[in-house]
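These are the residues of each chain, in order.
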Amino acid sequence: MKKCICFFLSAVLLCPIFPVFAETPALSVHAKSALLMEASTGRILYESNIHEALPPASVTKIMTMLLIMEAIADGRITYDTVVTASENAKRMGGSTIFLDTGEEMSVYDLLKGIAVASGNDACVAMAEHLAGSEAEFVRQMNERAVQLGMQNTHFVNCNGLDAEGHVTSAYDIALMSRALIEHEDIFQFTTIWVDSLRGGAFGLANTNKLIRFYNGANGLKTGSTDGALYCLSATAKREDMQLIAVIMGAPTTKDRFDSARALLDYGFATYSIAHAADTETAVHIVPVEKGVRTEVPLRCGEALSVLLGKGQRENVQTRIEAAESLVAPISVGDPAGKVIFHIDDEILGEVPLVCAEAVPKKSFGTVLCDLVSRWCAA
């Protein structure tokens, strides 16, 4: 049975990755590479040279933080786990939190040092604690990159200091950024503007100036070296839409932030998220044969969010493609078709239809009684 209806149900969930929009807008972006992605759908809203492998500087630390957050989620460590800094960690140059050999610091404070102050020594201390050595941790970083589909990435260290062969792309940075912000706890670190370590003795100031000066900014990581120039993965959320803006190889720090701001402004001004399907509301009814009831309600088996241009929400239509009928016994969650969300001929997404209730099969006695009842009525 096919039936066309228009409805909008409220819910939140991830939707499949969509292709890039056909046209890339002309924006004021000054960088070797730039990308804007909507996080829940993975849809690319702006792209410029997004697959070129370039040095990422401290944006590398997004992967380092991802592995730390995954270790916390897996229960291998907690925020209170105490980490002891090695001589190797102490020797790190560039941005540091000045760890001393043998100094003990919690995972929570080290994450602050990485996310806010971009501490290279904090990265190495965490890498050695989790993997036994920085080299093994870097191997795990590269393994995770492959799992995420980061095809133009190769890590040589865990902190982003310039090194031969240490590269990634704007698209790959967006992929690992998207994975990191699925761990919403990370925002308690990436949204810090100023803070301190060691009981207030060591001050921290966020290297990401958008955190203070951009509405909705909630992360994620800056980076700059002589080889990488100025890089940034900037995340911001307004209402239900989370954006990721990636800038690589900007000539100045001002260009880095101005370009990211231009991308985010464009995204928030042009698009919105619509929650198209939930998993609670019945959306269709199908006849049932040989069951104790004659019909069963169907609901969406998954929730769905779709990315729309501003003003398109009222144009979204749904097409239900359901079974003509079902035969008992029926269990909750049995497949029964699908719902397709579209605007004219453009498919926005689809979710399976499943049975919302169980329908037992009629017993022999019940069938016999029905026959007798029909005979008597005749």
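See the structure shown above.
From a predicted model like this one, the values you see are computed outputs, not experimental measurements.

Participant: I tried to follow the environment of arginine 91 on my own but got confused; where do I start?
Facilitator: Within the element layout of this structure, arginine 91 appears in the loop between helix H2 (87–90) and strand S5 (104–106). A residue is classified by how much of its surface remains accessible, and arginine 91, at 55% relative accessible area, is exposed. Counting along the chain gives 30 residues from arginine 91 to aspartate 121, while the straight-line C-alpha distance between them is 7.5 Å.

Participant: What am I meant to see in helix H6 (residues 170–181) here?
Facilitator: It helps to recall that an α-helix has 3.6 residues per turn; residues three or four apart then point in one direction. Relative to the 16 Å expected for 12 residues at 1.5 Å per residue, H6 spans 16 Å between its end C-alpha atoms, a close match to the ideal helical length. For H6, a buried count of 12 out of 12 residues is recorded, marking the element as mostly surrounded by other parts of the structure. The set of residues buried in H6 consists of Ala170, Tyr171, Asp172, Ile173, Ala174, Leu175, Met176, Ser177, Arg178, Ala179, Leu180 and Ile181.

Participant: Sorry, what's going on with the side chain of glutamate 38 here?
Facilitator: For glutamate 38, the location among the structural elements is in strand S2 (residues 33–38). The charged side chain of glutamate 38 is buried without a salt bridge, its nearest counter-charge being arginine 178 at 6.7 Å. In this structure the side chain of glutamate 38 is engaged in a polar contact, spanning 2.7 Å, whose partner is the side chain of threonine 41. Here glutamate 38 is in contact with Arg43, Leu45, Met241, Gln242, Leu243, Ile273 and Leu307, once residues within four sequence places are set aside.

Participant: What am I meant to see in the pattern of salt bridges here?
Facilitator: Any two side chains of opposite charge can pair if their charged atoms end up close together. On inspection of all chains with the given rule, the structure shows 15 salt bridges. A salt bridge links arginine 261 to aspartate 258, with the shortest nitrogen-to-oxygen separation between them at 3.1 Å. Taken together, the positions of arginine 261 and aspartate 258, both in helix H9 (residues 253–270) and three residues apart, correspond to about one turn of that helix. For arginine 261, a relative accessible area of 26% translates into the label partly exposed. In the salt-bridge network here, residues are joined through shared partners; they are Arg319, Glu321, Lys338 and Glu350.

Participant: What is the right way to look at the packing of helix H1 (residues 61–73) against H6 in this model?
Facilitator: Helix packing geometry: the angle between the two helix axes and the distance between the axes. Taken N-terminus to C-terminus, the directions of H1 and H6 make an angle of 30°; their axes are 9 Å apart at the nearest point. One way to sum up the angle between H1 and H6 is to call them roughly parallel. The handedness of the crossing between H1 and H6 is left-handed. Within the contact between the two elements, H1 uses Ile62, Met63, Met65, Leu66 and Met69 and H6 uses Ile173, Met176, Ser177, Ala179 and Leu180.

Participant: What exactly am I supposed to notice about the pairing of strand S17 (residues 335–343) here?
Facilitator: Consecutive residues of a regular strand have side chains that alternate between opposite faces of the sheet. Pairing of strand S15 (residues 317–322) with S17 involves six bridges; the strand directions are antiparallel. Across the sheet, threonine 318 pairs through a bridge with phenylalanine 341, a residue of S17. Alignment of S17 against strand S18 (residues 346–355), held across eight bridges, turns out to be antiparallel. Across the sheet, residue lysine 338 finds its bridge partner in S18, namely proline 352. A loop of two residues connects S17 with S18, the two strands running antiparallel in sequence, and aspartate 344 in this loop sits at a positive phi of about 55°.

Participant: For this particular structure, what's the right way to read the side chain of serine 106?
Facilitator: The residue serine 106 is located in strand S5 in this model. In terms of polar contacts, serine 106 uses its side chain to reach the backbone amide nitrogen of aspartate 109, at 3.1 Å. Ignoring sequence-local partners within four residues, the contact set of serine 106 consists of Tyr79, Asp80, Thr81 and Val82.

Participant: How should the sheet that holds S2 be read in this particular structure?
Facilitator: Note on sheets: strands pair through backbone hydrogen bonds, and any given pair is parallel or antiparallel. Reading across the sheet, the five strands line up as S3-S2-S10-S9-S8 and stay open at both edges, with antiparallel pairing between neighbours. Looking at which strands have only one partner, the edges of the open sheet turn out to be strand S3 (43–48) and strand S8 (217–225). Each strand axis lies, on average, 5° off the axis of its neighbour in the sheet, ignoring direction. Of the pairings in the sheet, the one linking strand S9 (residues 229–238) to strand S10 (residues 241–250) comprises eight bridges and is antiparallel in character. Note that in S10 the partner of alanine 234 across the bridge is alanine 245. Running over the sheet, H9 touches S2, S3, S8, S9 and S10 and is turned about 150° from S10.

Participant: Sorry if this is basic, but what is going on with the nonpolar core here?
Facilitator: If you look at soluble globular proteins, the nonpolar side chains tend to sit buried side by side. In terms of nonpolar packing, the biggest core is built from 70 residues, with Leu35, Ile68, Ile97, Leu111 and Met126 touching the most fellow members. In this structure, Ala277, Leu308, Ala322 and Val359 belong to the second largest nonpolar core, which totals 27 residues.

Participant: When you look at the packing of aromatic side chains in this model, what are you seeing that I'm missing?
Facilitator: Any pair of aromatic rings gets described here by the distance separating the centres and the angle formed by the planes. Under the counting rule described, the total for this entry stands at six aromatic pairs. Here the aromatic rings of tryptophan 193 and phenylalanine 213 are separated by 6.0 Å at their centres, their planes lie at 80°, and the arrangement is edge-to-face. Here tryptophan 193, found in the loop between helix H7 (187–190) and strand S6 (194–197), pairs with phenylalanine 213, found in helix H8 (residues 210–213); they are 20 residues apart in sequence, far enough to count as distant. Here tyrosine 266 and tyrosine 271 contribute two aromatic rings whose centre-to-centre distance is 6.0 Å and whose plane-to-plane angle is 80°, an arrangement assigned as edge-to-face.

Participant: Help me understand empty space enclosed by the protein in this model?
Facilitator: If you roll a probe as big as a water molecule over the atoms, it shows you where there is empty space left. All told, the structure shown has one cavity of 30 Å³ or more when counted by the stated rule. Taken as a whole, the largest cavity encloses approximately 30 Å³ of empty space. If you go around the largest cavity, the residues you meet are Lys32, Leu54, Pro55, Gly227, Ala228, Met248 and Gly249.

Quick notes on the rules
- Residues numbered from 1 in each chain as written.
- Predicted model: local features only at pLDDT ≥ 70, side-chain atom pairs only at ≥ 80, totals over all residues.
- Heavy atoms only, no water.
- Helix = DSSP H or I, 4+ residues; strand = E, 2+ residues; numbered from the N terminus.
- Buried < 20%, exposed > 50% of the residue type's maximum accessible area, 1.4 Å probe, protein only.
- Expected span 1.5 Å × (residues − 1).
- Lys, Arg positive; Asp, Glu negative; His and termini not counted.
- Salt bridge = Lys/Arg side-chain N within 4 Å of Asp/Glu carboxyl O.
- Polar contact = N/O pair within 3.5 Å; in protein donor to acceptor, adjacent residues only side chain to side chain.
- Contact = heavy atoms within 4.5 Å.
- Axes fitted to C-alpha atoms, helices over the stretch in contact; angles between N-to-C directions.
- Parallel < 35°, antiparallel > 145°, perpendicular 65-115°, else oblique.
- Left-handed = near helix turned anticlockwise from the far one by under 90°.
- Pairing = 2+ DSSP bridges.
- Core = buried A, V, L, I, M, F, W, Y, C linked by side-chain atoms within 4.5 Å.
- Phe/Tyr/Trp six-rings, centres within 6.5 Å; stacked < 30°, edge-to-face > 60°.
- 1 Å grid on protein atoms, 1.4 Å probe; cavity = no way out; pocket = protein on both sides within 12 Å on 5 of 7 lines; lining within 4 Å.
- Points joined across faces, edges and corners; volume = space filled by probe spheres on them.

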